[in-house]
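# A closer look at the structure
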Amino acid sequence: MDRRELGAGTRLVRAARSLPSGEGQPVVPPLVQSVAFDYGSAAEQDAVFGNERPGFVYGRYGTPTTAALEKALAELDGVEAATCFVTGMAAIAAAVDACAISRGGRVVAPEDCYGQTRALFERWVRERGADIAFVDTTDHASVDRALGAKPTTLLYAEAIANPLLRVSDIAALSEIARRNGAALAVDATFATPILIRPATLGATMVIHSLTKYINGHGDVMGGVVSGSAELAATMRDRTILDGGYLPPHEAWLTIRGMRTLALRVRRQCATALEIARHMQAHPKVVRVRYPGLPDHPQHALATKQFDGLYGGVVSFQLRDDTRTAAFRFLDSLELAASATTVGDLFTEVLYPATSSHRRLPADERKRLGITDGFLRISVGIEDTEDLVADIDRALDRV
Ligand SMILES: Cc1ncc(COP(=O)(O)O)c(C=O)c1O
């Protein structure tokens, strides 16, 4: 049976179940911690080193457990191959540097991307003279203009942007990129492979922070770049020389975590929609941003592109748009953790102005809509009524 015909939930449960294991097939892939591999034959080892035959030689070149995760992730994203890194940022840095910056290639990126991604790109502009233009990737005319202004190597997008939750039209962006001779990289961390498989819509490469939904248990950091076999060879060169390869124990935990990805994400999307609707009617909240609400600028696109799911993150602005009010809200939460991450089993609330977007100048932050009373909730799998009560309690104290 071609596994790609199966639903995402089924594929996830079965993921990484077929490591070559000599005698018998383990149902759960073994955790192989060994750094080095002995072939008992120098010639064989040489053939593996030289890529003439598959195998493992040393931890930075590949490990059986990380390879099992990579195979599962490639299958999930619907691509040829995937390469895992120690963090999502390491994956982004390797992909964008190798495919554009180190070759002198120009990049067009979202103005509202994850704050540290933007900080990394701006550092490359300052320190390496990189040519990176920042645009609103939901405004196709401005993306087209930016790409057409000068030869551009890479268009970078987030499927659901962090933290403003703008939704990018991946099929349209891949068409614009193709027309302008650029590759398209999509960070699908917030959308997850359950909502979207960007490569099937024309993206050249897909990036996820494994730290978030894919592992989902708040106990692993990791990242992945997936795409063609050729891209994987370029990425492998990065892990070998830059040393950012995902170690086996993290890979094993990620395989374990990702088996429930479909279950978790569907539940988180359902609860997030209820929370977004509830908060929209709350007098202490002036604006709720959630792709599932009809007033979201890309609501129709999200409905079509994500097949009726809208993600597990809800952003909102307090009517009292001050840091004091935001801190009071955070300190009043009893169930939700005040934590700098998303996508875990437990609900987490973030204040972007002092965390993910701390490095962005205050005026640029405010221009984008990340005001002093702006907060982001990553909805967990707790009972919806309990979360709503916790949020209401905290809003009452604002
Ligand atoms: C959209 C997005 N991409 C990438 C990253 C970076 O991932 P990591 O923290 O695993 O380096 C994050 C982290 O929050 C993120 O939100």
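A few points on the structure.

Calculation notes
- Residues numbered from 1 in each chain as written.
- Predicted model: local features only at pLDDT ≥ 70, side-chain atom pairs only at ≥ 80, totals over all residues.
- Heavy atoms only, no water.
- Helix = DSSP H or I, 4+ residues; strand = E, 2+ residues; numbered from the N terminus.
- Rg over C-alpha atoms; globule rule 2.2 N^0.38 Å.
- Buried < 20%, exposed > 50% of the residue type's maximum accessible area, 1.4 Å probe, protein only.
- Contact = heavy atoms within 4.5 Å.
- Lys, Arg positive; Asp, Glu negative; His and termini not counted.
- Charge placed at Lys NZ, Arg CZ, Asp CG, Glu CD.
- Near = heavy atom within 4 Å.
- Polar contact = N/O pair within 3.5 Å; in protein donor to acceptor, adjacent residues only side chain to side chain.
- Areas by Shrake-Rupley, 256 points an atom, 1.4 Å probe, with all protein chains shown as cover.
- Nonpolar A, V, L, I, M, F, W, Y, C, P; charged D, E, K, R; others polar.
- Salt bridge = Lys/Arg side-chain N within 4 Å of Asp/Glu carboxyl O.
- Pairing = 2+ DSSP bridges.
- Axes fitted to C-alpha atoms, helices over the stretch in contact; angles between N-to-C directions.
- Phe/Tyr/Trp six-rings, centres within 6.5 Å; stacked < 30°, edge-to-face > 60°.

Once that is clear, we can look at the overall build of the chain. If you tally the helices and strands in the chain, you get 15 helices and twelve strands. The C-alpha atoms of the chain give a radius of gyration of 21 Å, which matches the 21 Å a tight globule of 398 residues would have. Taking the principal axes of the C-alpha coordinates as reference, the chain spans close to 70 × 50 × 35 Å. When the 398 residues of the chain are sorted by exposure, 57% land in the buried category. Partitioning the contacts of the chain with sequence separation of at least 6, the portion at a separation of at least 24 is 73%. Of the side chains in the chain, 44 bear a positive and 48 a negative charge, and the two mean positions are spaced by 2 Å.

Near the ligand lie 14 residues; those nearest to it are Met-89, Asn-162, Asp-187, Ser-209 and Thr-211. In the model, an oxygen atom of the ligand is placed 3.2 Å from a nitrogen or oxygen of the Lys-212 side chain. Against a free-state accessible area of 390 Å², the protein chains account for coverage of 93% of the ligand. The element that contributes the greatest number of residues to the shell around the ligand is helix H4 (residues 88-99), accounting for three residues. Considered class by class, the residues forming the shell around the ligand number five nonpolar, seven polar and two charged.

Here we come to the environment of Ala-339. On the secondary structure map, Ala-339 appears in the loop between strand E10 (337-338) and strand E11 (348-350). It is 24 Å that separates the C-alpha atoms of Ala-339 and Val-167, two residues lying 172 residues apart in sequence. Excluding residues that lie within four positions of it along the chain, Ala-339 makes contacts with Glu-348, Val-349 and Leu-350.

The next thing to look at is the pattern of salt bridges. Evaluated as defined, the whole model comprises 23 salt bridges. Residues Arg-128 and Asp-97 are paired through a salt bridge, measuring 2.8 Å at the closest nitrogen-oxygen approach. Here Asp-97 lies in helix H4 and Arg-128 lies in helix H5 (residues 115-128), a separation of 31 residues in the sequence. Between Arg-178 and Glu-175 there is a salt bridge, with its nearest N and O atoms 3.1 Å apart. Remark: Glu-175 and Arg-178 occur in helix H7 (residues 170-179); sequence separation between them is three residues, near one turn of the helix.

Okay, the sheet that holds strand E12 (residues 374-378) next. Taken in spatial order, the five strands of this open sheet run E8-E9-E12-E11-E10, and their pairing is mixed. Bordering the open sheet on either side are strand E8 (285-289) and E10, each of which pairs with just one other strand. Strand direction decides the pairing type here: E10 and E11, joined by two bridges, are parallel. Residue pairing in the sheet places Ser-338 in a bridge with Val-349 of E11. Across the sheet, helix H11 (residues 261-280) is in contact with E8, strand E9 (313-318) and E12; its angle to E8 comes to roughly 155 degrees.

The subject of this paragraph is the packing of aromatic side chains. Per the stated rule, a full pass over the model turns up eight aromatic pairs. Ring geometry for Phe-37 and Phe-56: centres 5.8 Å apart, planes at 45 degrees, overall tilted. Residue Phe-37 is located in the loop between helix H1 (8-14) and helix H2 (42-49), and its partner Phe-56 is located in the loop between H2 and helix H3 (64-77); the two are separated by 19 residues in the primary sequence. For Phe-56, a relative accessible area of 26% puts it in the partly exposed group.

Turning to unusual backbone geometry, a few remarks are in order. Cis geometry marks the peptide bond from Asn-162 to Pro-163, where omega comes out at 10 degrees. Inspection of the secondary structure puts Pro-163 in the loop between strand E4 (154-158) and H7. Even without glycine at this site, Asn-51 takes up a positive phi of about 60 degrees. As for its position among the elements, Asn-51 is in the loop between H2 and H3. Residue classification places Asn-51 among the exposed positions, given a relative accessible area of 71%.

All quantities given are derived from atomic positions and should not be read as evidence of function.
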